[in-house]
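Next come the chains, spelled out residue by residue.
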Amino acid sequence: MVKVKMPIILVNFKTYAEATGENALKLAEMAEKVSDETGVCVGVIPQYVDIAIIAGKVNIPVFAQHIDPIPYGSFTGHVLPESVKYAGAVGTLINHSERRLKLADIDAAITRAREVKLISVVCTNNTLVSASAAALKPEMIAVEPPELIGTGVPVSKARPEVVTGTVEAVKKINPSVTVLCGAGISSGDDVAAAIRLGTEGVLVASGIVKARDPYKVMLEFAEAILKVQR
Ligand code: G3P
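Source: prediction; values computed, not measured.

**Comments concerning the overall build of the protein**
Then comes step 1: Helix and strand counts for the protein come out as 10 helices and eight strands.
Then comes step 2: Computed over the C-alpha atoms, the radius of gyration of the protein is 16 Å, within 12% of the 17 Å expected from 2.2 N^0.38 for a compact globule of 230 residues.
Then comes step 3: In terms of its C-alpha atoms, the protein occupies a principal-axis envelope of roughly 50 × 40 × 30 Å.
Then comes step 4: Looking at the protein as a whole, 55% of its 230 residues are labelled buried.
Then comes step 5: Long-range pairs, those at least 24 residues apart, make up 67% of the contacts in the protein between residues at least 6 apart in sequence.
Then comes step 6: Split by element, the accessible area of the protein, about 10,200 Å² in all, is 54% carbon and sulfur.

Here is the structure:
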């Protein structure tokens, strides 16, 4: 059984060429190497069609990028939570900035994830939305100001108040929800700053996927976590 433990580095593969097909598997193997070498949990979030092959080959947590709150039946083109689970995912993003949902659909997706025992990571854009999401009882909330996504300008340095505000608001509503932050995270220093602000990890994409040496960057992230914990 693959373990999910905090602090965590969650790497979103999005639909980047560098993280599609064979490249997705290579990236996941690098993530596993970093996880084995440092003991820091590194999870990957590939595209749906890559979940099964990755989950079958690496011993790190694999998440889906989205699920639809549907049951078995006539829902052509939808993403069935059970399929994601059978493919080997342990959890799923819900409401990523690039795959937004209405509040009622976020609630329904969290409920379906819970039914099939998938960990819900709800993405939010600000403190207020994070507070609303906390009331829906997901396992994790990842706050990501959309204007910083893909910019290389780290939320943990450019908008620290969004991170601390989210941690405070979420914990007040539901102390058992884990808070992560994301957007623009590109260096170990950015990750250390995120942990110091009270999060239990980061959600990151381009800083790793687009890096010349993704292994090196993931290692830097994991070592920054170990250093800040000492
Ligand atoms: O899901 C993580 C993502 O939206 C953040 O993107 O490229 O700024 O790390 P990036």
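**Comments concerning the site of the ligand**
Then comes step 1: In the vicinity of the ligand, the contacting residues are Asn12, Lys14, His96, Glu144, Ile149, Gly150, Ala183, Gly184, Leu203, Val204, Ala205 and Ser206.
Then comes step 2: Asn12 has a polar side-chain atom sitting 3.0 Å from an oxygen atom of the ligand.
Then comes step 3: The separation between an oxygen atom of the ligand and a polar main-chain atom of Gly184 is 2.8 Å.
Then comes step 4: Considered on its own, the ligand offers 310 Å² of accessible surface; in the complex 100% of this is hidden by protein.
Then comes step 5: Its residues assigned to classes, the shell around the ligand shows five nonpolar, five polar and two charged.

**Topic: the pairing of strand E4 (residues 91–94)**
Then comes step 1: With burial as the criterion, each face of E4 is covered, one bearing Gly91 and Leu93 and the other bearing Thr92 and Ile94.
Then comes step 2: Alignment of strand E3 (residues 63–64) against E4, held across two bridges, turns out to be parallel. When the sheet's bridge partners are listed, Phe63 is paired in E4 with Gly91.
Then comes step 3: Running through helix H3 (residues 81–87), the crossover from E3 to the neighbouring parallel element E4 is right-handed.
Then comes step 4: Pairing geometry for E4 and strand E5 (residues 119–124), over four bridges, is parallel. Its bridge partner lying in E5, Gly91 is registered against Ile119.
Then comes step 5: Crossover connection from E4 via helix H4 (residues 103–115) to parallel E5: handedness right-handed.

What counts, and at which threshold
Residues numbered from 1 in each chain as written. Predicted model: local features only at pLDDT ≥ 70, side-chain atom pairs only at ≥ 80, totals over all residues. Heavy atoms only, no water. Helix = DSSP H or I, 4+ residues; strand = E, 2+ residues; numbered from the N terminus. Rg over C-alpha atoms; globule rule 2.2 N^0.38 Å. Buried < 20%, exposed > 50% of the residue type's maximum accessible area, 1.4 Å probe, protein only. Contact = heavy atoms within 4.5 Å. Areas by Shrake-Rupley, 256 points an atom, 1.4 Å probe, with all protein chains shown as cover. Near = heavy atom within 4 Å. Polar contact = N/O pair within 3.5 Å; in protein donor to acceptor, adjacent residues only side chain to side chain. Nonpolar A, V, L, I, M, F, W, Y, C, P; charged D, E, K, R; others polar. Pairing = 2+ DSSP bridges. Right-handed = clockwise from strand over helix to strand, strands pointing away.

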